[in-house]
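If you want the building blocks of each chain, they are given just below.
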Amino acid sequence: IDSDVLIGLKTGLGSNLGNFTPISVTGGQVWAWNVYNYALMTGYVSGAYYDNEDWLVSPSMNFIERSAPILTFDHVGRYFGDVAGSNTKMKIAISVWVSTTSDGTTIVPSQWEKLTLPETFYPSGANWTFIPSGSISLAAYAGNSNVRFAFKYLSSAADGAAGSWEVKNTYVFEE
């Protein structure tokens, strides 16, 4: 990606969480930067599963003069309690959302809309290989001056679905 096509930011997920805001709605675990250079969220700590709802919210982006913004990132997920060969629970636990009204410091569910991640761009859950998200269109939000996206993570102590989600190389650019 050519730096002149970026919408003013690499979005911080290059060498730390940058200007992303981790927000914990439920649970004691939070999004953090890992020494292996990715954002990490997990509800599995020291052999125990924990209930969590955690968001990693981007800074506000101005799309006033944009017509076809695109979001891309690389990610991997594992240990969400799926049976071998399935990633059904993981698809419930990890998602990407967008808002044009959020202040970026609190989560008000009615302010967020879930984005559709192409089926083939979900991690398999079988290994630690990062895969690309594909191009996720943000064109529906062009013309807005306060666009944020967020990575939302859920985990459950009850069913052992407390996997790890790792995200890196996050970009927003004009198509």
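Residues numbered from 1 in each chain as written. Predicted model: local features only at pLDDT ≥ 70, side-chain atom pairs only at ≥ 80, totals over all residues. Heavy atoms only, no water.

## As for the overall build of the protein chain
A count of helical and extended segments in the protein chain gives 1 helix and 13 strands. When the helices and strands of the protein chain are placed in sequence order, the string is β-β-β-β-β-β-β-α-β-β-β-β-β-β. At 16 Å, the protein chain has a C-alpha radius of gyration in line with the 16 Å of a compact globule built from 175 residues. With respect to the principal axes defined by its C-alpha atoms, the protein chain has extents near 50 × 30 × 30 Å. Within the protein chain, the proportion of its 175 residues that are buried is 46%. The long-range fraction of contacts in the protein chain, counting pairs at least 24 apart against all pairs at least 6 apart in sequence, stands at 77%. In the form shown here, the protein chain has an accessible surface area of approximately 8,200 Å², with 51% of it arising from carbon and sulfur atoms. Computed over 9 positive and 15 negative side-chain charges, the separation of the two mean positions in the protein chain equals 5 Å. (Helix = DSSP H or I, 4+ residues; strand = E, 2+ residues; numbered from the N terminus. Rg over C-alpha atoms; globule rule 2.2 N^0.38 Å. Buried < 20%, exposed > 50% of the residue type's maximum accessible area, 1.4 Å probe, protein only. Contact = heavy atoms within 4.5 Å. Areas by Shrake-Rupley, 256 points an atom, 1.4 Å probe, with all protein chains shown as cover. Lys, Arg positive; Asp, Glu negative; His and termini not counted. Charge placed at Lys NZ, Arg CZ, Asp CG, Glu CD.)

## Details of the sheet that holds strand β8 (residues 94-99)
As summarised here, the arrangement of the 5 strands in space is β1-β6-β12-β8-β9, forming an open sheet in which the pairing is antiparallel. Of all the strands in the sheet, just β1 (21-26) and β9 (113-114) have a single pairing partner and so form its edges. Note: strand β6 (residues 52-57) against strand β12 (residues 148-155), 6 bridges, orientation antiparallel. In the sheet register, Glu53 faces β12, and the bridge partner there is Leu154. (Pairing = 2+ DSSP bridges.)

## Observations regarding the layout of surface pockets
One number sums up the size of the largest pocket: a volume of about 160 Å³. Looking at the largest pocket, it is lined by 13 residues, and the ones nearest its centre are Asp82, Val83, Ser86, Gly125 and Ala126. (1 Å grid on protein atoms, 1.4 Å probe; cavity = no way out; pocket = protein on both sides within 12 Å on 5 of 7 lines; lining within 4 Å. Points joined across faces, edges and corners; volume = space filled by probe spheres on them.)

## Things to note about the pattern of salt bridges
Here the structure, examined in full by the defined rule, presents 1 salt bridge. Where Glu119 meets Lys91, a salt bridge forms, and the shortest distance between an N and an O atom there is 1.9 Å. Taken together, the positions of Glu119 in the loop between β9 and β10 (131-132) and Lys91 in helix α1 (residues 88-93) put the pair 28 residues apart, joining distant regions of the chain. (Salt bridge = Lys/Arg side-chain N within 4 Å of Asp/Glu carboxyl O.)

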